[in-house]
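Per-entry structural report
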Amino acid sequence: QVQLVESGGGLVQPGGSLRLSCAASGSFFSINAMGWYRQAPGKQRELVAAITSGGSTNYADSVKGRFTISRDNAKNTVYLQMNSLKPEDTAVYYCNADITRTKWSLKGSDYWGQGTQVTVSS
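Residues numbered from 1 in each chain as written. Predicted model: local features only at pLDDT ≥ 70, side-chain atom pairs only at ≥ 80, totals over all residues. Heavy atoms only, no water.

This brings us to the packing of aromatic side chains. The geometry of an aromatic ring pair comes down to the distance between the two centres and the angle between the two planes. Counted under the stated rule, the structure contains 1 aromatic pair. Directly above the ring of Y94 sits R45, whose terminal nitrogen or CZ lies 3.8 Å from the centroid. Across from the ring centre of W112, 4.7 Å away, lies the NZ or CZ of R45, which sits over that ring. (Phe/Tyr/Trp six-rings, centres within 6.5 Å; stacked < 30°, edge-to-face > 60°. Lys NZ or Arg CZ within 6 Å of the ring centre and 35° of its normal.)

Summed over all chains, the structure comprises 4 salt bridges. Here E46 makes a salt bridge to R38, at a shortest N to O gap of 2.7 Å. Taking relative accessible area as the criterion, R38 reaches 7% and is therefore assigned buried. One connected set of salt bridges, linked through shared partners, spans R38, E46, R66 and D89. (Salt bridge = Lys/Arg side-chain N within 4 Å of Asp/Glu carboxyl O. Buried < 20%, exposed > 50% of the residue type's maximum accessible area, 1.4 Å probe, protein only.)

Quick look at the state of the cysteines now. The tally for this structure, following the rule as stated, stands at 1 disulfide. A sulfur-sulfur separation of 2.1 Å characterises the disulfide bridge that pairs C22 with C95. Residues C22 and C95 are joined by a disulfide whose S-S torsion is about -80°; by sign, that bridge is left-handed. Of the two residues, C22 is situated in strand β3 (residues 18-26) and C95 in strand β9 (residues 91-100); the sequence distance between them amounts to 73 residues. There is no split in this pair, since C22 and C95 are both buried. (Disulfide = S-S within 2.5 Å. Helix = DSSP H or I, 4+ residues; strand = E, 2+ residues; numbered from the N terminus.)

Next up, the structure:
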């Protein structure tokens, strides 16, 4: 079984910072791309940021310049540093990873974390 476990959410004032972490555990061969999505009440889940196994990154326009995604391949962990937070960043943040289970697998499978709440409010 593969699990993604997130941590680091919480309540923060506008302009503040939070750092989310997501660690993958279980039996697998490799982790390909990893990313963070978010879903606000009444809205669709949207991509926030993604990072490839080689370190290339992609960000939603709404978070460019404020959020930074990174990963530690030795720890099978992806991070999301969120600075200059705004009330509109309030959402449940989900970790996502494309994971290849065995060396014989033809392609990876999609895994999701359980979600962590981020609330930006004064």
